[in-house]
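Residues per chain, in single letters:
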Amino acid sequence: MVEAWELEAREQIRETIAAYAHRVDSGRLDDLVELFAPEGVLEVEGEPPHRGRDAIRAFVAGTGRDLVAGTGAPRIRHHVSNVVIELHEPDRARARCYFLAVTDGGVDHWGRYRDELRRDGEAWRFVHRRVRTDGAVPGSWVAGRRRRD
């Protein structure tokens, strides 16, 4: 039997995951970093981990500048699907899901998120978000970034 707190927690976690995509795509970086615990980590495959809200903000701002410089496309949209949530305690959870990123030029890249989350009052925050890119369209923005690295 699923308890009410579990249903509420799952819905709040789904909202946190969706809010990440909306905020990163719209460039609302101050709002984005609030989704992370103060000591939160954003770990993007091929990059050193970004620890704390200031480091996360700086990294995401840099990728936004790179997107515009590399493609001329001012927008990217992350589509998130197949969210699986594992509640370990009423205030701790893990989640995993897939993403598909689209720019004005079409599909750019795709991959997965692996998250550790913690309840902080009424909100669920990322303690650790791992981003893995599984593939990219030849000639895409991410394919170009991978060549430079």
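Please read these numbers as outputs of a predicted model, since none were measured by experiment.

Caption draft 1: Here's a closer look at the overall build of the protein. Scanning the protein for helices and strands turns up four helices and six strands. Going residue by residue from the N terminus, the α and β elements of the protein occur as α-α-β-β-α-β-β-β-β-α. Its C-alpha radius of gyration of 16 Å places the protein within 12% of the 15 Å reference for a compact globule of 149 residues. For the protein, the spread of C-alpha atoms along the three principal axes comes to 50 × 30 × 25 Å. A buried classification covers 42% of the 149 residues belonging to the protein. Side chains of the protein give 25 positive and 26 negative charges; the mean places of these two sets differ by 4 Å.

Caption draft 2: Here's a closer look at the nonpolar core. Counting residues in each nonpolar core, the largest one holds 27 residues, and the members touching the most others are Ile13, Tyr20, Leu42 and Val60. When residues of this core are traced back to their parent elements, those giving at least two are helix H1 (4-26), helix H2 (29-33), strand S1 (36-44), helix H3 (53-71), strand S3 (76-89), strand S4 (92-103), strand S5 (106-120) and strand S6 (123-136). By residue number, the principal contributor to this core is H1, which donates six residues. When neighbours within four sequence positions are excluded, leucine 42 is seen to be in contact with Tyr20, Phe36, Pro49, His50, Ile56, Phe59, Val60, Arg129 and Val131.

Caption draft 3: Just the pattern of salt bridges, in detail. Considering all chains together, one arrives at 13 salt bridges under this definition. Residues aspartate 120 and arginine 125 are paired through a salt bridge, measuring 2.8 Å at the closest nitrogen-oxygen approach. In this structure, arginine 132 engages aspartate 134 in a salt bridge whose closest nitrogen and oxygen atoms are separated by 3.1 Å. Exposure remark for aspartate 134: the relative accessible area of 32% places this residue in the partly exposed category. Taken together, the salt bridges that share partners define one network made up of Asp30, Asp54 and Arg57.

Caption draft 4: Fine view of the pairing of S3. Alignment of S3 against S4, held across eleven bridges, turns out to be antiparallel. The residue bridging valine 84 from the neighbouring strand is arginine 96, located in S4. If you look at the hairpin formed by S3 and S4, you'll find two residues sitting between the two strands.

Caption draft 5: Expanded view of H1. For H1, built from 23 residues, the straight-helix expectation of 33 Å at 1.5 Å per residue is met to within 8% by its first-to-last C-alpha distance of 33 Å. Among the residues of H1, those classed as buried are Glu6, Ala9, Gln12, Ile13, Thr16, Ile17, Ala19, Tyr20, Ala21, Val24 and Asp25. Looking one or two places after H1, you find glycine 27, whose phi comes out positive at around 75 degrees.

Caption draft 6: Just the side chain of histidine 128, in detail. The topology assignment puts histidine 128 in strand S6. On the accessibility criterion, histidine 128 (14% relative accessible area) is buried. At 2.7 Å, the side chain of histidine 128 forms a polar contact with the side chain of glutamate 43. The contact partners of histidine 128, leaving out residues within four places of it in the chain, are Val41, Glu43, Arg114, Asp115 and Glu116.

Cut-offs used in this document
- Residues numbered from 1 in each chain as written.
- Predicted model: local features only at pLDDT ≥ 70, side-chain atom pairs only at ≥ 80, totals over all residues.
- Heavy atoms only, no water.
- Helix = DSSP H or I, 4+ residues; strand = E, 2+ residues; numbered from the N terminus.
- Rg over C-alpha atoms; globule rule 2.2 N^0.38 Å.
- Buried < 20%, exposed > 50% of the residue type's maximum accessible area, 1.4 Å probe, protein only.
- Lys, Arg positive; Asp, Glu negative; His and termini not counted.
- Charge placed at Lys NZ, Arg CZ, Asp CG, Glu CD.
- Core = buried A, V, L, I, M, F, W, Y, C linked by side-chain atoms within 4.5 Å.
- Contact = heavy atoms within 4.5 Å.
- Salt bridge = Lys/Arg side-chain N within 4 Å of Asp/Glu carboxyl O.
- Pairing = 2+ DSSP bridges.
- Expected span 1.5 Å × (residues − 1).
- Polar contact = N/O pair within 3.5 Å; in protein donor to acceptor, adjacent residues only side chain to side chain.

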